[in-house]
Amino acid sequence: MAHPSQLGFQDAASPLMEELLHFHDHALMIIFMISAFVLYIISAMVIAKLSDKLILDSQEVEIIWTVLPAIILILIALPSLRLLYLMDEINHPHLTVKAMGHQWYWSYEYTDYEDLAFDSYMIPTQDLTPGQFRLLEVDHRMVVPVDSPVRTLVSAEDVLHSWALPSLGVKMDAVPGRLNQTTFIVSRPGVYFGQCSEICGANHSFMPIVVEAVPLEHFENWATYMIQDA
């Protein structure tokens with residue numbers, strides 16, 4: 001999860017987030033090179049006292065500064081399009097979970113099970129136990145198996161919400177009357193925190209999202225327990 005004074009992204013916990021980090025580093029290096037080159041040109045123009053008419057009026061220079069930016073844009077666009085299609089790809093999910101946004105909490109329904117659904121409320125500060133995070137911990141976590149494609153159907157009951165988990169590379173708008181879907185694969189067991197990323201009202205910052213990834217055997221035991229407890 002994020003920590004104070006963090007400048008970069010959270011550690012990737014899914015293959016999709018790893019690809020996003022790689023693309024971010026790729027684009028950032030191109031921006032650094034462009035910025036360094038422009039700074040050099042500006043410095044040279046300020047320091048140099050002489051000018052060359054072959055540079056001020058040159059067909060070759062104009063071709064270079066037209067073609068070079070086009071090549072740079074292609075180097076950015078092709079990986080971006082590849083990643084865009086990867087984010088939209090959903091093939092044979094092992095589990096489907098419907099996340100419904102309310103003012104101001106989330107409700108989850110495991111559509112592959114008959115009676116597995118629950119509401120997820122933020123735990124008030126006065127009820128937190130040692131080790132739990134303020135404004136991030138919930139009373140019922142969304143539990144998913146590790147290394148399994150999980151499809152999440154996202155919608156809202158009242159106003160616009162957004163189901164977002166930075167460490168998993170997931171962010172999907174929850175729109176009333178519309179059913180959006182996204183997918184993710186958790187690479188390793190753990191607890192991953194997110195928050196509603198849409199300004200949905202007065203308690204917008206008090207509807208966190210918590211996904212707990214466990215081995216498949218533990219997930220089956222949890223699902224059985226939740227169904228029997230219901």
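Residues numbered from 1 in each chain as written. Predicted model: local features only at pLDDT ≥ 70, side-chain atom pairs only at ≥ 80, totals over all residues. Heavy atoms only, no water.

A look at the environment of Ser14
Point 1. In this structure, Ser14 sits in the segment before helix H1 (15-47).
Point 2. A sequence separation of 133 residues divides Ser14 from Asp147, and the C-alpha atoms of the two residues are 9.0 Å apart.
Point 3. What Ser14 contacts, discounting residues up to four positions off in sequence, is Ser167, Leu168, Gly169, Ile185 and Ser187.
Point 4. Reaching out from Ser14, the side chain makes a polar contact with the backbone oxygen of Leu168 at a distance of 2.8 Å. (Helix = DSSP H or I, 4+ residues; strand = E, 2+ residues; numbered from the N terminus. Contact = heavy atoms within 4.5 Å. Polar contact = N/O pair within 3.5 Å; in protein donor to acceptor, adjacent residues only side chain to side chain.)

Looking at the state of the cysteines
Point 1. Summed over all chains, the structure comprises 0 disulfides.
Point 2. For the unlinked cysteine Cys196, the closest cysteine sulfur is that of Cys200, found at 3.9 Å.
Point 3. On the accessibility criterion, Cys200 (7% relative accessible area) is buried. (Disulfide = S-S within 2.5 Å. Buried < 20%, exposed > 50% of the residue type's maximum accessible area, 1.4 Å probe, protein only.)

Brief notes about the pairing of strand S5 (residues 150-156)
Point 1. Most of S5 sits inside the fold, with 6 of its 7 residues counted as buried.
Point 2. Pairing geometry for strand S1 (residues 95-102) and S5, over 7 bridges, is parallel. Bridging across to S5, Val97 finds its partner in Thr152.
Point 3. Alignment of S5 against strand S8 (residues 180-184), held across 5 bridges, turns out to be antiparallel. What sits directly across from Val150, in S8, is Phe184. (Pairing = 2+ DSSP bridges.)

Here's the deal with the UniProt feature "transmembrane region" (unreviewed entry) in the protein chain
Point 1. On the UniProt side, "transmembrane region" (unreviewed entry) is annotated at positions that read residues 27-51 and 63-85 here.
Point 2. Regarding residues 63-85, the helix share stands at 100% and the strand share at 0%, and the terminal C-alpha atoms are separated by 33 Å. (UniProt positions renumbered as here; feature names shortened; annotations may be inferred.)

Some details on the domain arrangement of the protein chain
Point 1. Segmenting the protein chain into domains produces domain 1 (15-48 + 57-88) and domain 2 (95-229).
Point 2. A separation of 37 Å is found between the C-alpha centroids of domain 1 and domain 2.
Point 3. The partner domain 2 presents 7 residues to the 4 residues of domain 1 that form the contact.
Point 4. Of the roughly 430 Å² buried between domain 1 and domain 2 on both sides combined, carbon and sulfur atoms contribute 55%.
Point 5. Among the residues domain 1 hides against domain 2, the three largest losses belong to Pro15, Leu16 and Met17. Together they make up 73% of the total. (Domains from an automatic or database assignment. Buried area = accessible area lost by both parts, 1.4 Å probe.)

Focus: the side chain of His161
Point 1. Among the secondary structure elements, His161 is positioned in strand S6 (residues 161-165).
Point 2. At 3.1 Å, the side chain of His161 and the side chain of Asp158 are in polar contact.
Point 3. Excluding residues that lie within four positions of it along the chain, His161 makes contacts with Gly101, His102, Gln103, Trp104, Trp106, Ala156, Asp173, Ala174, Cys196, Glu198, Cys200 and Met207.

So, unusual backbone geometry
Point 1. At the junction of Gln103 and Trp104, the peptide bond is cis and its omega measures out at -5 degrees in the coordinates.
Point 2. Positive phi values are uncommon outside glycine, yet Ser5 reaches one of about 65 degrees.
Point 3. Checked against the element boundaries, Ser5 lands in the segment before H1.
Point 4. Ser5 sits in the exposed class, given a relative accessible area of 74%.
Point 5. Positive phi, close to 70 degrees, is recorded for Leu135, a residue that is not glycine.

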